[in-house]
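Listed below are the residues making up each chain.
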Amino acid sequence: QVQLVESGGGLVQPGGSLRLSCAASISILRLDAMGWYRQAPGKQRDLVASITSGGSTNYADSMKGRFTISRDNAKNTVYLQMNSLKPEDTAVYYCNAKVVHTVLDYDYWGQGTQVTVSS
């Protein structure tokens, strides 16, 4: 199984910045896509940003211009740079990896890291 470990969460003031990291147990080049999702209490888990093995990125509209997803293949790590943070960004952020096969797809999840935006 693919193991994903998130780090970098914490408490930050509105307008501040934070960088999350997701370290994978295998080469991320073997993963068809990786991404970040977030879930606030009582709400569904929503996509924040994703990046494919080919480098294509996708962002939720509310994150465009503020969040940036990137990767370091040598470190098997994906990052989420979060700028201009807002209180509504408060949530548990989860790292996701997707492996696409002919028969079915596999999704792997990290344990999550808490991000709290408050003054």
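Refer to the preceding data block for the structure.
The structure presented is a predicted model; accordingly, all values stated were derived computationally and were not measured. (Residues numbered from 1 in each chain as written. Predicted model: local features only at pLDDT ≥ 70, side-chain atom pairs only at ≥ 80, totals over all residues. Heavy atoms only, no water.)

1. What about unusual backbone geometry?
- Despite not being glycine, asparagine 76 shows a phi value in the positive range, around 55°.
- Here asparagine 76 lies in the loop between β7 (67-72) and β8 (77-82).
- Positive phi, normally seen in glycine, also occurs at serine 84, with a value near 50°.
- With respect to the element layout, serine 84 can be found in the loop between β8 and β9 (91-100).
- Taking the relative accessible area as the measure of exposure, serine 84 reaches 41% and is therefore partly exposed. (Helix = DSSP H or I, 4+ residues; strand = E, 2+ residues; numbered from the N terminus. Buried < 20%, exposed > 50% of the residue type's maximum accessible area, 1.4 Å probe, protein only.)

2. Considerations on the pairing of strand β3 (residues 18-24)
- Of all seven residues in β3, five are buried, a share of seventy percent or more.
- Relative to β3, strand β1 (residues 4-7) runs antiparallel, the two being bridged by four bridges. Counted as the bridge partner of serine 7 is serine 21 from β3.
- The sheet contact formed by β3 and β8 spans six bridges and is antiparallel. In the strand pairing of β8, cysteine 22 is matched with valine 78. (Pairing = 2+ DSSP bridges.)

3. Notes on the pattern of salt bridges
- According to the stated counting rule, one finds four salt bridges in the structure shown.
- With a closest N to O distance of 2.8 Å, aspartate 89 and arginine 38 form a salt bridge. Separated by 51 residues along the polypeptide, aspartate 89 in the loop between β8 and β9 and arginine 38 in strand β4 (residues 33-39) bring together distant segments of the chain.
- Residue classification places aspartate 89 among the buried residues on the basis of a relative accessible area of 0%.
- Since its relative accessible area comes to 14%, arginine 38 is described here as buried.
- In this structure, aspartate 61 engages lysine 64 in a salt bridge whose closest nitrogen and oxygen atoms are separated by 3.3 Å. Lysine 64 matches aspartate 61 in its accessibility class, with the two residues each being exposed.
- Connected via shared salt-bridge partners are Arg38, Arg66 and Asp89. (Salt bridge = Lys/Arg side-chain N within 4 Å of Asp/Glu carboxyl O.)

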